[in-house]
Amino acid sequence: MTPPQTVRSATRRLVGLTALRWLPVGLTTPVTVLLAQARGLSLAEIGLLFTLHGVVVVALELPTGGLADVLGRRPVLLAGAVLHIVSCVLFAVATSLPGFVLAILALGLGRTLDSGPLEAWYVDSVHRIDPAADVAPGLARHSAADGGGLAIGAVAGGLLPGLLGGSTGAALALPYAVAAVLDLVYVGFVLRLLTEDRPPREGSVRAALGAGARAVPATVAGALRLSVTDGPLRLVLLITAAGGVGLVGCELLGPLRFADLAGSRDDGAAVYGTVLAISFAAAAVGAMTTPAMRRLFRGSTRVTCAVLALLGAGALALFSGPDVLVVASVGFALYYVSHGATWPLTAAVLHDRVTAAHRATAVSAMSLSMALGGILGNLAVPVVVRLAGQDGALLAIAGVILLSGLACLRLPRTVRAEPVGADGIEATAR
């Protein structure tokens, strides 16, 4: 298929591929813990699995982003999809801790491979079509497709086990089987829609892979150097890390809060699952409203991000506030709105500061920053809960989000495509 000829065409491909990528992930999200428990794993062993996943992401996020910058977006994206299929199959058949460890390792490696290439391909395509085009609206639709795919998948994934009897191991494995089939469909669409204009490589595939692997360290080092020396990039990574702390706070304390408000753990789990699906959809809505919000604040990226941070902090305070289920649910969902709307703006700043040679690595750096923020939250939130209780922990997280709003005020006011210098930094100061 020919490359997209208009920004609208490139955006349609981005949105379609994004939704299809995250739909299978949403399918498996509601049943992962339940499946592991049904197959005999303890909560401590399940915690170990998630820790391993985090270690893989932190260790490989930047190298795999560099691989996409060197070898191309499509082959790395396809490798990530294949590994997700492998992980789904392994989860479906795992009956012991070693089997689940293999599944989570495949999942983590696949996640690092596909975290940046599609977004990088889109921005490259848009800049090829129109170097002056604003990528923020397309990235907003990208985030909306992400949240929408997760939301639809989460609802479907929660319903599918009922077709085979509910809580048995085989029933809980059904969403993984369906996810693997959808991943195959996704691979087919990537092959058809994600076209790349890259110079042909000389020599064998093995030699090309070897040369590409040798070039990855220099590519990663270049992207890291940009992140350290460029002020707006540093701010983007800081704001993203704060968002990771907020998400972990919701994931850790949400089930406990809703269990308390619902009156029992079982009812709380059902309520939390429903609120989580609604929140994924709310994040998609938030992302879609980003361009309109920025217009409301006269095109100012910094003011829009700061207002969204204020909304996120207020939402977490509301979530911790009155012991009313509806109020807590609204606060929880509003935080996802804030997070979903902020991401396209900070991503647009990032893409405005780097060249195509470092783009996928920079996106991976953004994902890594969120992962590190999540790790910090996982370590700190339980300690704060012991010292100040759940409400105190949520208010502390709200404070972190509020401080990130101050960082937002130092972002570039606007994001535009400008000539890029040889060092990869935008030649025009904002």
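Here the structure is a predicted model, which is why all the values come from computation and not from measurement.

> Explain the overall build of the chain residue by residue, including any values.
Each helix and strand counted, the chain has 14 helices and zero strands in total. Across the chain, helices and strands are ordered from the amino to the carboxyl terminus as α-α-α-α-α-α-α-α-α-α-α-α-α-α. When burial is assessed residue by residue, the chain has 52% of its 430 residues classed as buried. Counted over contacts in the chain with a minimum sequence separation of 6, partners at least 24 positions apart contribute 81%. About 18100 Å² of surface is accessible on the chain, with carbon and sulfur atoms providing 69% of the total.

> Hey, could you go over helix H5 (residues 97-113) for me, with residue numbers and the actual values?
Its 17 residues place the ends of H5 24 Å apart at the C-alpha level, agreeing with the 24 Å of an ideal helix rising 1.5 Å per residue. Buried within H5 we find Gly99, Phe100, Val101, Ala103, Ile104, Ala106, Gly108, Gly110, Thr112 and Leu113.

> Hey, could you go over a nonpolar patch on the surface for me, with residue numbers and the actual values?
On the surface, a cluster of nonpolar side chains totalling about 240 Å² of accessible area is made up of Val324, Val326 and Val330. Within the secondary structure, Val324 sits in the loop between helix H12 (301-320) and helix H13 (325-353).

> Quick rundown of the pattern of salt bridges? Include the residues and the values.
Scanning the model with the defined rule gives five salt bridges in all. Between Asp114 and Arg21 there is a salt bridge whose closest N-O contact spans 2.4 Å. Within this pair, whereas Asp114 is found in the loop between H5 and helix H6 (117-129), its partner Arg21 is found in helix H1 (residues 7-28), the two being separated by 93 residues in sequence. Neither residue differs from the other here; Asp114 and Arg21 are each classed as buried. In this structure, the salt-bridge partner of Asp114 is Arg111, at a minimum N-O distance of 3.4 Å. Each of Arg21, Arg111 and Asp114 takes part in salt bridges that share partners, so that together they form one network.

> Can you explain the environment of Ala241? Please cite residues and give values.
As for its position among the elements, Ala241 is in helix H10 (residues 231-262). Note: C-alpha distance between Ala241 and Met366 (125 residues apart in sequence) is 8.3 Å. Ignoring anything within four residues of it in the chain, the contact list for Ala241 reads Ser369, Met370 and Gly373.

> Could you give an account of the nonpolar core, with specific residues and numbers?
With 100 residues, the main nonpolar core has Phe100, Tyr122, Phe332, Tyr335, Tyr336 and Leu411 as its most contacted residues. In terms of residues, this core owes the most to one element, helix H14 (residues 359-408), which gives 14 residues. Each of domain 1 (1-203) and domain 2 (216-415) contributes no fewer than three residues to this core. Filtering out sequence-adjacent residues up to four positions away, Tyr336 remains in contact with Leu247, Cys250, Glu251, Leu276, Ser279, Phe280 and Ala283. One finds Val76, Leu83, Leu113 and Ala120 within the second-largest nonpolar core, a separate group that totals six residues.

> Residue-level account of the packing of H1 against helix H8 (residues 169-193), with values.
Taken N-terminus to C-terminus, the directions of H1 and H8 make an angle of 165°; their axes are 8 Å apart at the nearest point. The angle between H1 and H8 falls in the class roughly antiparallel. By crossing handedness, the relation of H1 to H8 is classed as left-handed. On H8, the residues touching Arg13, Leu17, Leu20, Arg21, Leu23, Pro24, Leu27 and Thr28 of H1 are Pro175, Tyr176, Val178, Ala179, Leu182, Asp183, Val185, Tyr186, Phe189, Val190 and Leu193. Of the residues belonging to the contact of H1 with H8, the class tally is 15 nonpolar, one polar and three charged.

Scoring rules and cut-offs
- Residues numbered from 1 in each chain as written.
- Predicted model: local features only at pLDDT ≥ 70, side-chain atom pairs only at ≥ 80, totals over all residues.
- Heavy atoms only, no water.
- Helix = DSSP H or I, 4+ residues; strand = E, 2+ residues; numbered from the N terminus.
- Buried < 20%, exposed > 50% of the residue type's maximum accessible area, 1.4 Å probe, protein only.
- Contact = heavy atoms within 4.5 Å.
- Areas by Shrake-Rupley, 256 points an atom, 1.4 Å probe, with all protein chains shown as cover.
- Expected span 1.5 Å × (residues − 1).
- Patch = residues over 30% accessible without salt bridge, like charges linked within 9 Å, V, L, I, M, F, W, Y side chains within 5 Å.
- Salt bridge = Lys/Arg side-chain N within 4 Å of Asp/Glu carboxyl O.
- Core = buried A, V, L, I, M, F, W, Y, C linked by side-chain atoms within 4.5 Å.
- Domains from an automatic or database assignment.
- Axes fitted to C-alpha atoms, helices over the stretch in contact; angles between N-to-C directions.
- Parallel < 35°, antiparallel > 145°, perpendicular 65-115°, else oblique.
- Left-handed = near helix turned anticlockwise from the far one by under 90°.
- Nonpolar A, V, L, I, M, F, W, Y, C, P; charged D, E, K, R; others polar.

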